[in-house]
Amino acid sequence: MSFISPAAIIVLSAGAGTRMKSSTPKVLHEICGRSLLGHVVTAARGLDPDELVVVVGHGRDRVTAHLADIDADARPVVQEEQLGTAHAVDVALAGLAAQGVEPAGTVIVTCGDVPMQTAETLRSLAETHAAEGNAATMLTMEVPDPTGYGRVVRGADGSVVAVVEHRDATEEQRALREANSGIFAFDGRLLAGALARVGSDNDQGERYLPDVLAILREDGHRVGACVVADHREVGGINDRVQLARARRLLNDRLLEEAMLAGVTIVDPATTWLDVTVTYEPDAVVHPGTQLLGATHVAADAEVGPGTRLRDTVVGPGAVVVNTVADGAHVGAGASVGPYAYLRPGTVLGQGSKAGTFVEMKNSTVGEGTKVPHLSYVGDATIGDHTNIGAASVFVNYDGEEKHRSTVGSYCSIGADNMFVAPVTIGDGSYTAAGSVITRDVPPGSLGVARGQQRNVEGWVGRKRPESDAARAAEAALAAMERKPGEA
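Residues numbered from 1 in each chain as written. Predicted model: local features only at pLDDT ≥ 70, side-chain atom pairs only at ≥ 80, totals over all residues. Heavy atoms only, no water.

## Topic: the overall build of the protein
Looking only at helices and strands, the protein has 10 helices and 39 strands in total. Since a compact globule built from 487 residues should have a radius of gyration of about 23 Å, the 33 Å found for the protein marks it as more spread out than a globular shape. The principal-axis extent of the C-alpha atoms belonging to the protein is close to 115 × 50 × 40 Å. When the 487 residues of the protein are sorted by exposure, 45% land in the buried category. Across the protein, every contact between residues at least 6 apart in sequence was considered, and the portion connecting residues at least 24 apart equals 40%. (Helix = DSSP H or I, 4+ residues; strand = E, 2+ residues; numbered from the N terminus. Rg over C-alpha atoms; globule rule 2.2 N^0.38 Å. Buried < 20%, exposed > 50% of the residue type's maximum accessible area, 1.4 Å probe, protein only. Contact = heavy atoms within 4.5 Å.)

## Concerning the packing of aromatic side chains
Going through the model one piece at a time under the given rule, you end up with three aromatic pairs. Between Tyr339 and Phe357 the ring centres are 5.4 Å apart and the planes differ by 20 degrees, which places this aromatic pair in the stacked class. Taken together, the residues Tyr339 in the loop between β24 (335–336) and β25 (340–342) and Phe357 in strand β27 (residues 353–361) connect sequence positions 18 residues apart. The partly exposed category is assigned to Tyr339, whose relative accessible area is 48%. Aromatic pair Phe394 and Phe419: ring centres 4.9 Å apart, planes at 25 degrees, arrangement stacked. Separated by 25 residues along the polypeptide, Phe394 in strand β32 (residues 393–395) and Phe419 in strand β35 (residues 418–420) bring together distant segments of the chain. As far as burial versus exposure is concerned, Phe394 and Phe419 are alike and both buried. Between the NZ or CZ atom of Arg123 and the centre of the ring of Phe3, over which it lies, the distance is 4.1 Å. The cationic tip of Lys402 hangs over the ring face of Tyr397; the distance from NZ or CZ to the ring centre is 5.6 Å. (Phe/Tyr/Trp six-rings, centres within 6.5 Å; stacked < 30°, edge-to-face > 60°. Lys NZ or Arg CZ within 6 Å of the ring centre and 35° of its normal.)

## Regarding the state of the cysteines
In the structure shown here, the tally under the stated rule is zero disulfides. With no disulfide of its own, Cys32 has Cys111 as its nearest cysteine by sulfur position, at a separation of 20 Å. Unpaired in this structure, Cys111 has its nearest cysteine sulfur neighbour in Cys226, at a distance of 16 Å. Assessed through its relative accessible area of 17%, Cys111 is described here as buried. (Disulfide = S-S within 2.5 Å.)

## Quick word on empty space enclosed by the protein
Per the counting criterion, the structure on display carries one cavity of 30 Å³ or more. When its volume is computed, the largest cavity comes out at roughly 40 Å³. What lines the largest cavity is Ala258, Val263, Ile265, Leu273, Tyr279, Ala283, Val285, Leu291 and Val297. (1 Å grid on protein atoms, 1.4 Å probe; cavity = no way out; pocket = protein on both sides within 12 Å on 5 of 7 lines; lining within 4 Å. Points joined across faces, edges and corners; volume = space filled by probe spheres on them.)

Structure, rendered in structure tokens:
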């Protein structure tokens, strides 16, 4: 039977998340490059639902704005008062009805604080629901220690006959390890009517979605269950400890995918990936490395150790060591670091070098060009096969505006040069060490811009007569005055 997309997926994201102890709404906390809500929405979109509804409440303005950024087609629906999960689903269906939509197929209800859930698991839930002809299907999990969880009690035919809370369970029921995950699939034609019959006669005075299961069973409908392969996939996030654990689990999943795709991860325990990172076979990632955002590491490239790259492309065979880069492009065979900082807009050509303690920003460096050490290159264009001497600075800011400098190809830039932008150094030119270049240097010329050296002889003896420097100078001068061969 071919897969039929759900009529709707409803994501419950209205809770306050007080245990996070944060001004940020719980579902907007991030792991591995996406918000918790972003992970759930991505998984939901993998099923291509007709409607995707996100129920918002606490921090609704921020959550709604974020939702518009990550999925403009998702429908936010406001739950003004958080009166339980059944009430939240009721609000979602009312929001769809107001738009003239009454889902008649499968409706999946999931949670916005369960970032490890996958499209594959939600699809398995929907397929089980359809194949068994259930009115409702629970996504369940088998946990090593189910203490505190509602136990799933099945009948002889495998259907769910009860969900018993831990405090109400018998010893025999407590021995069961299958528990409710809080994720469900429903027959949309039956869901609204069952919701209307859910009461709030409980300690919290709220309407709970699992009560729908008992109502459907009482009406003679079948309730089934689909067991998730790994119970950790459906673990919710309620505090920072669980957030960190989920980050570790998701990162391990991403690392495993990378290694199975041919990437060498030297030390998985100290390597972190975002879900949006891409790579090619035979890339090597050394310890203590973070690859974030839209970073791409090409074949035979080496990254790390001690490196953090965000939205950065590393070309084939390039080597990036002890580097921080954001929005940079490192060409094939280029060398970066150690201790380099590549800021947005940096483009390094094939075989180029940005060496030790080099910072670059909004600059293009040509093929084979080297900036070996202790330099700042900002708002500059440098041609091919040029060498930038140590301690060179492109002075790009006049206090109000940034200006651009251009250095041609096959140039040799002396150490300790300052280029006061805007200025152009022509192809094949040289500049002398210690120069402050304020005017253009024509092609093939030598630019020299430094004061005449003046030596004040005897200054140390007069000004510091009792110093070690004075005594050393006196001895050196005496040695110079002696004739060759004299003791």
